[in-house]
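Structural description and commentary
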Amino acid sequence: MTYHTEKARVVALLSGTGSNLMSLVQAARTYEIVAVLSDRAEAPGLLRAAEAGISAAAHRRSDFKTLSDQKQSIYRAIREFIPDFVALAGYMQIVEPEFAAEYFGRLVNIHPSLLPEFPGLKTHERALAAGVTEHGCTVHLVDSGVDTGPIISQATVPVREDDTAENLAARVLEVEHALYPWTLNALASGEISTTAGIVAASDSITADARKRSFRVHGC
Ligand code: GRF
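First things first, this report covers the structure right here in the doc. What you see is a predicted model, and the numbers here were worked out from it, not measured in a lab.

**Here we look at the overall build of the chain**
For the chain, the helix and strand inventory stands at seven helices and 10 strands. Expected size for 219 residues packed as a compact globule is a radius of gyration near 17 Å; at 17 Å, the chain falls within 12% of this value. Counting all 219 residues of the chain, 51% fall into the buried class. When contacts within the chain are restricted to residue pairs at least 6 apart in sequence, long-range pairs at least 24 apart make up 60% of them. For the chain, the accessible area works out to roughly 10,500 Å², and carbon and sulfur atoms hold 53% of it.

What follows is the structure, given as structure tokens:
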């Protein structure tokens, strides 16, 4: 296992509120968020990033002829920051397969379900409808599918009988804010590696995960 001493450069992509982005910013230890990019100029997360002194820019759909032009413009901007990792934080645009392949192993996402259960949207509603007793969130590598890439880590919450989608979502979001920065710190330091999509973790980070009730895939 190789450990890294320099801070990793992370570009974050978002389309919405940016609460996960702020948790990534606040708990950054072994990485630095060097830029935030969005496909939506009105994403509140962009303003939050700018207020935190981070380079923040929107590449809005209406400025481009095609969706593909918009996506390519975002990908060019990402490359200019020479990131070690790209972190999706509530990014609603599907990543093109070529870009997912270019950054495979360095492109991560947080998803509000215990994957492989409930990929896609409306995860909390679907979890309640399915009657699960445990729900949560997953940090995973992004591949060319929707929420299909190798699972890195997960955090769980119990589902209560009187749960609504809203309060379940709030409880999951709380553990997202702990799991995502924890995982990115461990990836950036090399304590979790994902060579060829196979997740491995050092003994100390595995013990730390246990203490926090996080699951690290394969450990
Ligand atoms: C989170 O639930 C995340 O899991 C999902 O999109 C939501 C983003 O929320 N991918 P926020 O913008 O970070 O508040």
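**Things to note about the nonpolar core**
Ranked by internal contacts, the top residues of the largest apolar core, which has 43 residues, are Ile 33, Val 36, Val 108, Leu 184 and Ile 192. Sorting elements by how many residues they give to this core places helix 6 (residues 165-189) first, with 10 residues. Setting aside residues up to four positions removed in sequence, Leu 184 forms contacts with Val 10, Leu 24, Thr 30, Tyr 31, Phe 85, Ala 87 and Val 108.

**Here we look at helix 3 (residues 67-80)**
The end-to-end C-alpha distance of helix 3 is 20 Å, a good match for the 20 Å that 14 residues give at a rise of 1.5 Å each. Every buried residue belonging to helix 3 is among Gln 70, Lys 71, Ser 73, Ile 74, Tyr 75, Ala 77 and Ile 78, and all of these are buried. Of the surrounding elements, those touching the buried residues of helix 3 are strand 1 (8-14), strand 2 (31-38), strand 4 (85-88) and helix 4 (97-102). Two residues or fewer after helix 3 comes Ile 82, characterised by a positive phi angle close to 45°.

**Some details on helix 6**
With 25 residues, helix 6 extends 35 Å between its outermost C-alpha atoms, agreeing within 8% with the 36 Å of an ideal straight helix rising 1.5 Å per residue. Phi for Gly 190, located one or two positions after helix 6, is positive at around 90°.

**Some details on the packing of helix 5 (residues 123-130) against helix 6**
The relative placement of two packed helices is expressed as an angle between their axes plus a distance between the axes. At a closest axis distance of 9 Å, the pairing of helix 5 and helix 6 adopts a crossing angle of 115°. One finds that helix 5 runs roughly perpendicular with respect to helix 6. Considering the relative orientation of helix 5 and helix 6, their crossing is right-handed. Note on element contacts: helix 6 touches helix 5 through Ala 165, Leu 168, Ala 169 and Val 172, opposite His 124, Glu 125 and Leu 128. Per-class residue counts for the contact of helix 5 with helix 6 are five nonpolar, one polar and one charged.

**Re the site of the ligand**
In the neighbourhood of the ligand, the contacting residues comprise Thr 17, Gly 18, Ser 19, Asn 20, Gly 90, Ile 110, His 111, Pro 112 and Glu 176. A distance of 2.5 Å separates an oxygen atom of the ligand from a polar side-chain atom of Ser 19. Calculation on the ligand without its partners gives an accessible area of 370 Å², and the protein chains cover 81% of this total. Of all the elements in the fold, those that place two or more residues in the shell around the ligand are helix 1 (19-26) and strand 5 (107-111). Across the shell around the ligand, the residue classes tally to two nonpolar, six polar and one charged.

**A look at the environment of Ala 207**
With respect to the element layout, Ala 207 can be found in helix 7 (residues 203-211). You can call Ala 207 partly exposed: its relative accessible area is 42%. For Ala 207 and Cys 219, which are 12 residues apart along the polypeptide, the C-alpha to C-alpha distance reads 9.8 Å.

**A closer look at unusual backbone geometry**
Note that the residue after Leu 115, namely Pro 116, is joined by a cis bond; omega there is 10°. Of note, Pro 116 is situated in the loop between strand 5 and helix 5. Positive phi outside glycine occurs at Ile 82, with the angle close to 45°. Inspection of the secondary structure assignment puts Ile 82 in the loop between helix 3 and strand 4. Judged by its relative accessible area of 62%, Ile 82 falls in the exposed class. Phi at Asp 147 takes a positive value of approximately 60°, unusual for a residue other than glycine. On the secondary structure map, Asp 147 appears in the loop between strand 6 (134-141) and strand 7 (151-158).

Cut-offs used in this document
- Residues numbered from 1 in each chain as written.
- Predicted model: local features only at pLDDT ≥ 70, side-chain atom pairs only at ≥ 80, totals over all residues.
- Heavy atoms only, no water.
- Helix = DSSP H or I, 4+ residues; strand = E, 2+ residues; numbered from the N terminus.
- Rg over C-alpha atoms; globule rule 2.2 N^0.38 Å.
- Buried < 20%, exposed > 50% of the residue type's maximum accessible area, 1.4 Å probe, protein only.
- Contact = heavy atoms within 4.5 Å.
- Areas by Shrake-Rupley, 256 points an atom, 1.4 Å probe, with all protein chains shown as cover.
- Core = buried A, V, L, I, M, F, W, Y, C linked by side-chain atoms within 4.5 Å.
- Expected span 1.5 Å × (residues − 1).
- Axes fitted to C-alpha atoms, helices over the stretch in contact; angles between N-to-C directions.
- Parallel < 35°, antiparallel > 145°, perpendicular 65-115°, else oblique.
- Left-handed = near helix turned anticlockwise from the far one by under 90°.
- Nonpolar A, V, L, I, M, F, W, Y, C, P; charged D, E, K, R; others polar.
- Near = heavy atom within 4 Å.
- Polar contact = N/O pair within 3.5 Å; in protein donor to acceptor, adjacent residues only side chain to side chain.

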